[in-house]
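Given next are the chains, with one letter for each unit.
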There are 2 protein chains.
Amino acid sequence: MIRRMNARAAGFDRQLDELLDWSGVADDRVETIVRDILADVRKRGDAAVVEHTRRLDRLEVDSAGALELSAERLDTALAAIPAEVREALELAAERLRAYAQRQKGESWSYTEANGNVLGQQVTPLDRVGLYVPGGKAAYPSSVLMNAIPAKVAGVAQVVMVVPTPDGVVNDTVLAAARIAGVDRVFTVGGAQAVGALAYGTETIPAVDKIVGPGNIFVAAAKREVFGRVGIDMIAGPSEILIVCDGHTDPDWIAMDLFSQAEHDEQAQSILLAHDPDFLDTVTASIERLLPQQPRAEIIAKALESRGALIEVADIDHAIELVNRIAPEHLELSFEGAEDRLGEIRNAGAIFVGRYTAEALGDYCAGPNHVLPTSGTARFSSPLGVYDFQKRSSIIHCSADGAAELGVTAACLARAEGLEAHAQSADYRRESEG
Amino acid sequence: MIRRMNARAAGFDRQLDELLDWSGVADDRVETIVRDILADVRKRGDAAVVEHTRRLDRLEVDSAGALELSAERLDTALAAIPAEVREALELAAERLRAYAQRQKGESWSYTEANGNVLGQQVTPLDRVGLYVPGGKAAYPSSVLMNAIPAKVAGVAQVVMVVPTPDGVVNDTVLAAARIAGVDRVFTVGGAQAVGALAYGTETIPAVDKIVGPGNIFVAAAKREVFGRVGIDMIAGPSEILIVCDGHTDPDWIAMDLFSQAEHDEQAQSILLAHDPDFLDTVTASIERLLPQQPRAEIIAKALESRGALIEVADIDHAIELVNRIAPEHLELSFEGAEDRLGEIRNAGAIFVGRYTAEALGDYCAGPNHVLPTSGTARFSSPLGVYDFQKRSSIIHCSADGAAELGVTAACLARAEGLEAHAQSADYRRESEG
């Protein structure tokens with residue numbers, strides 16, 4: 001069911017590379033379809049959006065304006081969902097906001113003795129597009145996770161797009177949009193939605209950045225419009241890496257592995273432990289608990305194709321592997337885990353101690369659940385307020401300061417053969433003479 | 001020589017769009033060449049690097065090891081350059097470090113009443129690759145601008161690659177590497193250098209992120225390896241936008257426009273002013289000063305093809321256009337410019353007041369000269385220490401905290417149909433009972 005590996009065995013390095021290997025299939029057919037749709041939306045605006053929506057989502061509307069949902073429609077959704085779900089969404093939103101507040105960057109500046117002012121001005125993006133998938137992968141938690149950092153950053157307008165194939169609307173998703181403070185919602189999806197947000201149409205406003213998950217058409221479209229607008233990362237399958245000392249309830253560990261594996265068949269669940277007997281008991285828990293799971297088939301496929309229980313020498317050895325794997329989710333389920341945090345260099349989110357199930361972080365602990373996958377935690381970060389802010393450098397020279405810096409600038413400009421640079425600095429110096 | 005436009009004239013919006021339009025030519029031929037080289041370096045490592053370097057740079061070496069420059073070689077370069085250039089580089093480096101220090105993100109955490117700890121751990125990237133172009137575009141200032149933020153972030157190893165076609169080495173570039181604290185230098189360039197940094201070879205170590213400017217082959221290679229490693233932005237041509245009240249010396253303004261235009265024929269220099277007579281005097285300055293410029297031909301071509309002097313209604317109108325254009329470099333050359341900074345939302349770097357020539361920021365003011373181009377300042381920032389740090393979310397729940405959060409998490413997980421998520425949270429709650 002789930003493979004066993006030994007990290008001290010010969011050939012382990014290569015085996016691990018194979019286990020981790022994942023490359024999104026670059027499909028020329030998808031790229032061609034997406035480029036055509038984007039070009040059409042760019043050229044024909046609303047008319048193209050309406051046509052592609054009719055064709056792909058079987059949604060009949062007279063005009064692009066009819067694709068917009070009113071604020072009242074979101075209020076209706078909020079009133080329609082079960083009270084406990086509404087309260088859970090509101091509590092989660094509140095906790096996400098509290099955490100996000102601490103990520104907010106502030107402008108700063110300092111003044112030098114000669115009167116020069118140097119600084120950095122931090123401002124929110126003007127307008128952000130949020131893609132929300134329709135159908136089975138419609139997750140209200142993702143709406144909160146993507147929209148709240150943008151609103152905390154101060155983004156004036158968050159524009160959500162969500163496909164409603166055959167007109168089927170998900171009230172929980174709309175309720176989450178209402179709670180998160182989304183400003184406008186259009187029921188359009190796919191590459192046509194990405195195109196509308198990137199180029200703007202008569203009805204749908206152009207945005208500065210597009211975030212949120214989507215299928216391969218959406219991912220390809222985001223990649224294509226990148227540069228004209230900002231995009232968040234293109235996510236690979238979800239992953240969890242658990243390090244355990246063998247003293248956590250094996251059922252808890254099994255269920256944590258399941259909670260990742262149930263996302264989809266490519267999801268990756270890996271456990272590292274030094275005690276082979278513990279790995280046996282976790283295997284037994286997996287076998288016992290799996291049949292009751294509603295998503296047992298997906299879980300089984302994910303564990304079989306991409307899961308692993310790996311025997312390691314000790315916690316030091318496990319941490320070495322953690323930094324090499326750079327997992328999206330890392331659970332440190334061992335005594336004194338908090339004292340080893342400083343040794344973890346590469347991980348999207350770290351769940352510390354036996355009580356911190358990854359699922360808490362997926363919904364309501366506070367930190368974002370949009371995290372770097374496929375080893376990209378080596379160089380990238382969870383989605384955060386910083387993704388919705390940008391910085392402008394500020395340089396304000398006094399006459400004296402300009403004269404002083406001008407000597408250095410002119411010397412280096414001439415060393416690089418850029419005479420106009422040098423003269424532009426010299427002019428200000430000479431005015432001082 | 002340089003076009004005149006009126007921002008209040010009919011059709012201006014479309015004219016401005018045309019003026020700003022720049023799209024890097026996506027060349028299938030370049031992509032194919034680059035993909036082949038990358039695949040070859042990935043497969044054959046050192047042998048491929050040596051062969052492509054021999055073929056493309058006409059540099060004969062026995063082994064990849066011979067491509068590495070020793071620390072002594074950098075010391076020799078530092079001793080060989082003129083003393084005033086060395087001092088200027090050292091002063092610039094010191095100022096860049098002082099500014100970069102203020103950008104450094106720090107880890108933080110907070111504890112909730114129930115004992116939950118939430119936080120964010122900030123760590124440097126392990127290893128960074130710095131691409132430095134060879135030949136005529138070899139800019140020592142770029143070495144400082146790219147390497148110093150990485151070292152301030154705490155990156156343990158900065159690996160520089162620089163092509164030396166026909167064995168020609170630029171001592172000023174090596175001296176800058178020495179001053180900036182670059183750890184290793186390899187004389188290899190092009191797609192083969194990017195491939196070596198992305199995949200690693202027997203001799204050249206794999207890095208986590210690749211930064212630095214390069215020609216279209218380098219840019220295409222960076223785009224191709226993105227995802228496996230991080231990359232900085234793919235820069236378009238350099239731009240300056242000057243807003244002037246008509247009371248700055250027109251020769252200063254002309255020279256500032258030149259200093260951008262001399263970079264290359266695609267560079268963009270634009271001036272906004274309300275007084276048509278002032279635009280006339282700037283035109284006269286341009287005509288008088290241009291012939292003496294060593295790079296007059298490049299400047300003339302850039303001003304002719306992409307430059308503009310634009311008449312606007314007033315400063316308010318100018319600021320509106322600034323935010324629409326989102327320039328890489330913005331000069332605010334008017335009385336009281338510092339009081340209008342809060343209205344500037346989109347700009348890479350802002351040069352405030354008549355004395356702040358853009359050239360000061362290019363070399364030594366402190367802020368980075370690697371800035372977002374082609375309107376991407378709407379959603380991206382100057383290169384900074386933050387580009388060499390990453391964040392990991394920290395969630396550490398107490399038993400009580402896990403039980404409390406578990407209620408909300410399980411409710412939302414079930415609303416999304418993810419039962420294993422719910423049970424993984426429930427298990428910890430039940431242990432509390």
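Worth saying up front: this structure is predicted, and the values here are computed from it rather than measured.

Even after reading the chapter, I still don't get the overall build of chain A, so can you show me in this structure?
Within chain A one finds 16 helices and 15 strands. The burial tally for chain A puts 61% of its 433 residues in the buried class. A separation of at least 24 residues holds for 74% of the contacts in chain A among residues at least 6 apart in sequence. Of the roughly 16000 Å² of accessible surface on chain A, 48% is carried by carbon and sulfur atoms. Mean positive and mean negative side-chain charge positions of chain A (41 and 65 charges, respectively) differ by 5 Å.

Looking at this structure, how should I read the pairing of strand 12 (residues 308-311) of chain B?
Regular strands place their side chains on alternate faces of the sheet. Residues and elements named next belong to chain B. Of the two faces of strand 12, both are covered, the one formed by Ala-308 and Ile-310 as well as the one formed by Leu-309 and Glu-311. In the sheet, strand 1 (residues 3-6) pairs with strand 12 via 4 bridges, with the strands oriented parallel. What sits directly across from Asn-6, in strand 12, is Glu-311. Sheet topology note: the strand 11 (residues 268-273)/strand 12 ladder contains 4 bridges and is parallel. Counted as the bridge partner of Leu-272 is Ile-310 from strand 12.

So what exactly am I meant to see when it comes to the UniProt feature "binding site: substrate" (unreviewed entry) in chain A here?
Listed under "binding site: substrate" (unreviewed entry) in the UniProt record, and renumbered for this structure, are A:Ser238, A:Gln260, A:His263, A:His329, A:Asp362, A:Glu416 and A:His421. A maximum C-alpha distance of 55.9 Å among these annotated residues, which run over 184 residues, shows that they spread across the structure rather than meeting at one spot. You can see A:His263 is positioned in the loop between helix 10 (250-261) and strand 11 (268-273). A relative accessible area of 25% places A:His263 in the partly exposed class. In this view, A:His263 contacts A:Ser238, A:Arg295, A:Ile298, B:Leu418 and B:His421; residues no more than four positions away in its chain are not counted. By the element assignment, A:Glu416 lies in the loop between helix 15 (399-415) and helix 16 (419-430). Sequence-distant contacts of A:Glu416, that is, excluding residues within four places in its chain, are made with B:Tyr139, B:Pro140, B:Ser141 and B:Tyr363.

Can you walk me through the sheet that holds strand 6 (residues 157-161) of chain A in this structure?
Paired through backbone hydrogen bonds, the strands of a sheet run either parallel or antiparallel to each other. Residues and elements named next belong to chain A. The strand order 2-7-6-5-8-9 describes an open sheet built from 6 strands, whose pairing is mixed. Two strands bound the open sheet, and with one partner strand each, they are strand 2 (68-69) and strand 9 (230-231). Bridge analysis of strand 2 against strand 7 (residues 184-186) gives 2 bridges, and the strand direction is antiparallel. Residue pairing for strand 7: Leu-69 is matched across the bridge by Val-185.

Any chance you could explain the confidence of the model for chain A here in plain terms?
Low-pLDDT stretches of the model should not have their predicted coordinates read in fine detail. A residue-level look at chain A finds 98% of positions with pLDDT of 70 or above and a mean pLDDT of 95. As scored by the predictor, the complex reaches a pTM of 0.96 and an ipTM of 0.95.

Thresholds, definitions, all that
Per-chain numbering applies: the sequence of each chain, read as written, is numbered from 1 onward. In the order they appear in the text, chains get letters beginning with A and ligands get numbers beginning with 1. In keeping with the model being predicted, local features are shown solely for residues with a pLDDT of at least 70 and side-chain atom pairs are shown and tallied solely at 80 or more, while totals for entire chains, interfaces and linings include all residues. Just so you know, side-chain values use all the structure's heavy atoms and leave hydrogens and water out. Strands are runs of DSSP state E lasting at least two residues, helices are runs of H or I lasting at least four, and both sets are numbered from the N terminus onward. With a 1.4 Å probe rolled over the protein chains alone, any residue whose accessible area is under 20% of its type maximum counts as buried; one over 50% counts as exposed, and the rest are partly exposed. Here a residue-residue contact requires only that any non-hydrogen atoms of the pair lie within 4.5 Å. Only the protein chains shown count as cover for residues, and all accessible areas are computed by the Shrake-Rupley method using a 1.4 Å probe. Neither His nor the chain ends contribute to the count of charged residues, in which Lys and Arg are positive and Asp and Glu negative. Every charge is mapped to an atom, namely NZ of Lys, CZ of Arg, CG of Asp or CD of Glu. Between any two strands, at least two bridges found by DSSP are needed for them to pair. UniProt positions are given in the numbering used here, feature names are shortened, and annotations may be inferred rather than shown by experiment. Along the chain, pLDDT gives the predictor's confidence residue by residue, from 0 to 100.

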